[in-house]
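What follows is each chain in one-letter form.
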Amino acid sequence: MRIILDTDMAMGAPGSEIDDGFALALLLADDTFDVELVTSVNGNIDVESGTYLSVELLERLGRPEIPVVRGAAAPIVEPDRARSAPEEVRARFGHHKAAPGFAAAEIARRVLASPGEITIVAIGPLTNVAAAIALEPTVAGAVKEIVVMGGVFLGHTNVRRMPGEFNWWVDALAARAVLRSGAPVRLVGLDVTTKVRLTREHAATMAAGGRPFGEFAGECTIAWLDRLGREHPGDPEAGRSCAMHDPLAVAAISRPELLTWVPAHVDVVAADEVGRGVAITDLLAGHDAPPANATVATAVDVQAFMTYFLDRIAAL
Ligand code: RIB
Ligand code: CA
């Protein structure tokens, strides 16, 4: 299956979020997938760092031939929120070069050149994907599917600062544009992703497994859990385990039977106000329900996912 991965990659920067890195690793570990392009986007980390770290990780995983094209530096209508790479990241990884071009244009070009063939796996804010559709709206009809890690659909987070999910909160307008584009969209949100968790024990086993990626990934996981523990002292689980949000979006393609899916009409609050990024999920029960524009994951077989995920990662 031909894949473009759009990611806010942070794995490899000290103490940073790791799940984008595990998602890329899982894509490369499962020969169901043929990853032909990685595009970077502002999100977990600035886009410059995310670009370097994507190239670095592809090299580490033995796939330096997969091109990385740099994407949006800021949300779609907020260019003032662009950030640059921290000096230490640039010093360590700044020698990595992106392939020429811009992510949105390269996504549009490839999707239009192969109608119905390419699946976009979007595991960061949807800025690049929305921009690709804005450049050429027929992208929405030409893409095989857009599988998104984003949103929370059957509740909300009860967090005042960010009541929705991070990727949609960062660029709610982009999420809205993708949802309204008519593209076939599959949504894997916090309702399911927070249930699949990598623990310190998993990380230690990975690190001791004698494989170079496992050793690296295990160390990154411990550093990330240490940081979560420090930043959330009131939450004992924070330092013990972390959600594998983005890898679950990958498994949603290779192992869709591990999740429960419902059709829905999904929209998102996009104003720069208190509800920014909150998804409105109509489960189509009403007589006047709008047509479905997405398929939403509502439950996951945690054990089966963890077995699939850990086995594949251990083989790298
Ligand atoms: O809310 C989860 C998402 O934001 C994931 O894509 C993860 O990488 C995070 O930062
Ligand atoms: Ca991500």
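Residues numbered from 1 in each chain as written. Chains lettered and ligands numbered in written order. Predicted model: local features only at pLDDT ≥ 70, side-chain atom pairs only at ≥ 80, totals over all residues. Heavy atoms only, no water.

A. Expanded view of the coordination of the calcium ion (ligand 2). Distances from the calcium ion (ligand 2) to its protein donors, Asp8 (OD), Asp20 (OD), Asp20 (OD), Ile123 (O) and Asp246 (OD), fall at 2.3 to 2.7 Å. Each donor residue of the calcium ion (ligand 2) lies on the same chain, and together they follow the pattern D-x11-D-x102-I-x122-D. You can see Asp8 sitting in the loop between β1 (2-7) and α1 (19-29) and its partner Asp20 sitting in helix α1, a full 12 residues away along the chain. Its relative accessible area of 0% is what places Asp8 among the buried residues. When its relative accessible area of 1% is taken as the criterion, Asp20 is described as buried. (Donors = N, O, S within 2.8 Å, 3.2 Å for Na, K, Ca; no water. Helix = DSSP H or I, 4+ residues; strand = E, 2+ residues; numbered from the N terminus. Buried < 20%, exposed > 50% of the residue type's maximum accessible area, 1.4 Å probe, protein only.)

B. Region of the structure containing a nonpolar patch on the surface. On the surface, a cluster of nonpolar side chains totalling about 240 Å² of accessible area is made up of Ile76, Val77 and Leu173. Here Val77 shows up in the loop between β3 (68-69) and α3 (87-93). (Patch = residues over 30% accessible without salt bridge, like charges linked within 9 Å, V, L, I, M, F, W, Y side chains within 5 Å. Areas by Shrake-Rupley, 256 points an atom, 1.4 Å probe, with all protein chains shown as cover. Salt bridge = Lys/Arg side-chain N within 4 Å of Asp/Glu carboxyl O.)

C. Fine view of the pattern of salt bridges. The full count for this structure, using the stated rule, is 18 salt bridges. A salt bridge links Glu78 to Arg81; the shortest N-O distance between them is 2.9 Å. Exposure remark for Arg81: the relative accessible area of 31% places this residue in the partly exposed category. Arg276 serves as the salt-bridge partner of Glu78, at 3.1 Å between the closest nitrogen and oxygen. Placement of Glu78 in the loop between β3 and α3 and of Arg276 in the loop between β9 (259-268) and β10 (279-282) is noted, with a sequence separation of 198 residues between them. When sorted by exposure, Glu78 lands in the same class as Arg276, which is buried. A single network of salt bridges, built from pairs that share partners, joins Arg2, Glu36, Glu106, Arg109, Arg110 and Glu117.

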